[in-house]
Amino acid sequence: MKKVFIFLFFAFILQIDCYGQFSPNINNYSIAEYLAGNQNWDVCRSDNGKVYVANNIGLLEYDGIGWELFQLPNQTTVRSVLTYDDLIFTGSFEEFGYWKKNEYRELVYTSLSDLIKSEIAANEEIWQILSYKDKIIFRSFASIYVYDFKTVNRIHSNSAVISLSLVDDDLLVSTLNHGIYKLENKSLVHFFSSEILQDTNIISIVKKENQYVIMTSLKGSYYLNSGKLIPTKYAFNDKIKQHQLNRFTQLNNGDMVLGTIKDGIYIADSKGAVKFHISKENGLLNNTVLGQFLDNDHKLWLGLDNGIATIDLKNTNYFFNDISGKLGAVYDIVKHKGLLYIGTNTGLFYLDKSGKLHFVNGSQGQVWDLKIIDNYLFCGHNEGTFIVNKNEIKQISDFNGGWTIHKVPEHENLYIQGTYAGLIKFQLRNGKWEVKHMGKTTIPSRFLVFENSHTAWVAHAYKGVYKVDFSKYFDSIINITNYGKKGLDSEYNPRVYNLKNDIVFKTNYGWQRYEPILDSIVAFKLLDEKFGKNTYIISEESTSPIVLKDKTGVIRFKYINDSNEERKINNSFIKNRYIVDYEHVSKINDSLYALNLNNGFILINNTSKDSVMVFKPTIESVRINGKAVLLSEKNIETIELKHDESIDIELSSSRSENHFFEYSIPSLSKEWFKIEKSNLRLSNINYGLYDILLRTKDDLNNTSEECLIKLDISPPWYKGFPGIVLYSLLIVGLIGVFYYLHQRKIRKEQHLMKVKHQKEQEELLREKTLENEKHIVILKNESLQNEITIKSKQLANNAMALVKKNEVLQDIKNELAVNKDKFQDHYSYKRLIKKLNNSIEHKDEWEIFEENFNQVHDEFFAKLKEQHAMLTPKDLKVCAYIKMNLTNKEIAPLMNISVRGVETHRYRLKKKLSLENDISLTDYLLNIK
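What counts, and at which threshold
Residues numbered from 1 in each chain as written. Predicted model: local features only at pLDDT ≥ 70, side-chain atom pairs only at ≥ 80, totals over all residues. Heavy atoms only, no water. Patch = residues over 30% accessible without salt bridge, like charges linked within 9 Å, V, L, I, M, F, W, Y side chains within 5 Å. Areas by Shrake-Rupley, 256 points an atom, 1.4 Å probe, with all protein chains shown as cover. Salt bridge = Lys/Arg side-chain N within 4 Å of Asp/Glu carboxyl O. Helix = DSSP H or I, 4+ residues; strand = E, 2+ residues; numbered from the N terminus. Phe/Tyr/Trp six-rings, centres within 6.5 Å; stacked < 30°, edge-to-face > 60°. Lys NZ or Arg CZ within 6 Å of the ring centre and 35° of its normal. Pairing = 2+ DSSP bridges. Axes fitted to C-alpha atoms, helices over the stretch in contact; angles between N-to-C directions. Buried < 20%, exposed > 50% of the residue type's maximum accessible area, 1.4 Å probe, protein only. Core = buried A, V, L, I, M, F, W, Y, C linked by side-chain atoms within 4.5 Å. Polar contact = N/O pair within 3.5 Å; in protein donor to acceptor, adjacent residues only side chain to side chain. Contact = heavy atoms within 4.5 Å. 1 Å grid on protein atoms, 1.4 Å probe; cavity = no way out; pocket = protein on both sides within 12 Å on 5 of 7 lines; lining within 4 Å. Points joined across faces, edges and corners; volume = space filled by probe spheres on them. Nonpolar A, V, L, I, M, F, W, Y, C, P; charged D, E, K, R; others polar.

### Section: a nonpolar patch on the surface
A surface patch of nonpolar side chains, about 800 Å² in accessible area, is lined by Trp 717, Tyr 718, Leu 726, Tyr 727, Leu 730, Ile 731, Leu 734 and Ile 735. Along the chain, Leu 734 falls in helix H6 (residues 721-818).

And the structure:
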């Protein structure tokens, strides 16, 4: 069955003469990508998957992700390249040799021409290199050089050597004027010559059906059989004569690839019929093919006069490209009555059976939708809706923006269209289409599906989804319900579909469905799991399989009935050509689908399965702080580096496609992290032993076997042995310092305690001394007080004695006065009275009394005089006697006055002292200290 589908697919392609526009997948690499010279003279791919290109300014290496340039020591143009085991042979101007990776896995050049420098002709260039019987053959126009991995031998030719061809076990050497030779034992043996081949560039010689086929640059192709040269009848002969054949490759199935100087690549079948023509017109960067190489994966690599390209010959998906820009962005494709119609943003086009693109006049503007209805081809257009008949169109509706149109279930000849202005009814009556706006709403309706015969759902780009109920005869809209607030995750950019009679919605947050019982929109986890939250449908309604596109750009063909059957398309080239949010897959026939792109579309054969493999990454180089690390050939041993060093690990997986790299450090995290391009840089990692896991992954989530690198990161010196020694010394030093400080503190505290003790002792002693002194003072005071008391008593006694004496003297005086007349001598009486008066008022006695009084009463008189200067000596005497607490009766004799006189004197004294009436004179004087 698969072979039948493939046959039908190719039958369709050949039916429209696809070499005019259709082509296999082309991937171009411009100068801006590989950053070298424009001309690429030769190309070769090694067994490890790396591509090597002979470029104007050196050797280019491509590892599937990035390009790297290596220049020869003399920086000349590289004309030819060949990979052999782990060697890359190159030929240049007066120079040839090989490149090999050293112990640091860096490409290093070794010259072979230096071995025979004297034999190389001036201005000689090596244009071709091939391997033959464990030898490497270098070809220039003048000579052939044979390298047996020990020595180099030169074989001279009398005519310009144009090409070398390996046919079976023979190496055929084609010359410009002397025919064809065979290389045998380091010499050229004549094989065939003909006048037809005189002055002819023989590009290649192959064997087909037991006869030789000779391909020339300008004379076409010939069969060589039994010594006869017969022109072939290949259809491409005129093409290569016109455009000058420059490269030729024969595929294992007999197909032929012809690279020309003027018109790109022609791919022909074994009979010579052209299957594809690939040129600048349909995707190639440049029409001049300087070099070509077919690798083991059936990828054709082309070295162009300006750029590099690769063409996937095993892929059964074919592109229609329009580099001219006339086609524009494609929005829908449909096959109708043998023609392929293409709706674009510039109008409607169709491809005729010869593969030529034609514009349908009158269709200028945006075409949104192409649909076959009752054998009519409807064209939903920005200006309205048209019916297309071959190369003519007729407008049947002027309602702008015919986005989508669907048949009403259970109704014949009745259709509803979603437009800018809302819903439009189309009904076929008597061979004529009647058109009517359904009214009620002008909601722009890009997405429209029917739930049943009278209910539809429409999606607005910014206002959610609406449920629309129609009248019984579809004359009008009965009701419109906005479900944007009834459970819809997001009202922005929703899509609505009918999947197996379930109304489902795709929002920015995943899949949802309508639940009739709840009359609400609920989550649809089943589709989230089967389709993916970031995936939406891009195929037509009721198409099986369903075609999905996810956010990474991967296209999936998925069968609802069989979840295990799925086909994925992951092409980095078409990802840049999607019309985002308007991707659409149209079903051309049972196995052929068309995906719209910018400036073209791709035809997808759903029966052909792509074999996708990703391969284990290879460690290309390891650099620590920019310095290359010596690596073993078989495996990567543990890499040691310091804590402050960074490591760069260069990876490659040249045989993988659409791939990238990831790394994981299990001891730190179980997650895998994407590596930008092919270089992993690690820095600022904590010291320790780490396993670095590396793997290759593609956009389809296929992963390769893991690659392991061990990193042993030494600790910083302060965490290693020197740090331990230093820390030990610091600890010992700190202990010593602490011990010293502690001892000093103890000594200081002891000293302070001693000083404190001494101070305490001194304080105690001082306090004891003060206490003793105080006690002594108290004793002294007591002694003085006693002494005062004694003196006071003595003073009082003296005063009393004086009083008694004066009383006695006064009594004597009074007695004498009584007996005055008895005295005979009056003078003797007066003398005696005078002596008695003097004795009563004796001043010496008063001075003694005053002195004793002052001792007892501590300068009483001084203070009293200070406060009351007007007091007389008599006043002071009275004050002293009052101070001694003597009564008036006792004071009177002392003063030699009467008691009445003492009272009068006390009264006068109180006046002098300015005392109030209520203040006692005695209390006042007693308070004077």
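### Observations concerning the packing of aromatic side chains
The tally for this structure, following the rule as stated, stands at 47 aromatic pairs. Look at Tyr 462 and Tyr 492: their rings are 5.6 Å apart centre to centre, the planes differ by 35°, and that puts the pair in the tilted class. Here Tyr 462 is found in the loop between strand S44 (455-460) and strand S45 (464-470), whereas its partner Tyr 492 is found in the loop between strand S46 (477-482) and strand S47 (495-499), with 30 residues between them in sequence. Pairwise contacts between aromatic rings join Tyr 84, Phe 89, Phe 96, Tyr 98, Phe 138, Tyr 145, Tyr 147 and Phe 149 into one cluster. It is Arg 513 that lies over the ring of Phe 524; its NZ or CZ is 5.5 Å from the centre. When the ring centre of Phe 615 is taken as reference, the NZ or CZ atom of Arg 655 above it lies at 4.2 Å.

### Details of the sheet that holds strand S42 (residues 432-437)
Taking strand neighbours across the sheet as the criterion, the four strands line up as S39-S40-S41-S42 in an open arrangement whose pairing is antiparallel. The open sheet has two free edges, formed respectively by strand S39 (404-407) and S42, since each of these has just one partner strand. On average, each strand axis in the sheet is tilted by 25° relative to the strand beside it, whichever way the strands run. Strand direction decides the pairing type here: strand S41 (residues 422-429) and S42, joined by six bridges, are antiparallel. If you follow Leu 428 over to S42, its bridge partner there is Trp 433.

### Comments concerning the sheet that holds strand S16 (residues 170-175)
Strands sit in the order S15-S16-S17-S18 across an open sheet of four strands; the sheet is antiparallel. Each end of this open sheet is capped by a strand with a single partner; those strands are strand S15 (161-167) and strand S18 (187-192). Strand-to-strand, the axes of this sheet are offset by a mean angle of 35°, without reference to chain direction. By the bridge criterion, three bridges tie S16 to strand S17 (residues 180-184) in an arrangement that is antiparallel. Note on S17: the bridge partner recorded for Ser 174 is Ile 180.

### A word on the pairing of strand S20 (residues 211-216)
Within S20, six of the six residues are buried, which leaves the element mostly enclosed by the surrounding structure. Here S20 shows two buried faces, one formed by Gln 211, Val 213 and Met 215 and the other by Tyr 212, Ile 214 and Thr 216. Relative to S20, strand S19 (residues 202-208) is paired through six bridges, and the arrangement is antiparallel. The residue of S20 that forms the bridge with Lys 208 is Gln 211. With antiparallel pairing between neighbouring strands as the criterion, S19 and S20 make up a hairpin whose turn holds two residues, including Glu 209 at a positive phi of roughly 55°. Both S20 and strand S21 (residues 221-225) contribute to a ladder of four bridges, which runs antiparallel. Looking at S21, one finds that Tyr 212 is bridged to Leu 224. If you look at the hairpin formed by S20 and S21, you'll find four residues sitting between the two strands, and Gly 220 has a positive phi there, around 85°.

### Here's the deal with the nonpolar core
With 28 residues, the main nonpolar core has Phe 89, Phe 96 and Phe 138 as its most contacted residues. Counting residues per element, the ones that place at least two in this core are strand S4 (51-55), strand S7 (78-84), strand S8 (87-92), strand S9 (95-101), strand S10 (107-111), strand S11 (126-132), strand S12 (135-140) and strand S13 (143-147). The dominant element in this core, judged by the number of residues it contributes, is S7, at four residues. Of all hydrophobic cores here, the second largest spans 25 residues; its members include Phe 524, Val 547, Tyr 593 and Ile 602.

### Quick look at the side chain of Arg 556
Along the chain, Arg 556 turns up in strand S53 (residues 555-558). Polar side-chain contacts of Arg 556 include one of 2.3 Å to the backbone oxygen of Phe 531. Setting aside residues up to four positions removed in sequence, Arg 556 forms contacts with Lys 530, Phe 531, Thr 535, Ile 546, Val 547, Leu 548, Glu 566, Arg 567 and Lys 568.

### Some details on empty space enclosed by the protein
One pass over the full model with this rule turns up one cavity of 30 Å³ or more. Taken as a whole, the largest cavity encloses approximately 40 Å³ of empty space. For the largest cavity, the full set of lining residues is Leu 641, Lys 642, His 643, Glu 645, Ile 647, Leu 682, Ser 683, Asn 684, Ile 685, Leu 711 and Ile 713. Residues belonging to the lining of the largest cavity are distributed by class as follows: six nonpolar, three polar and two charged.

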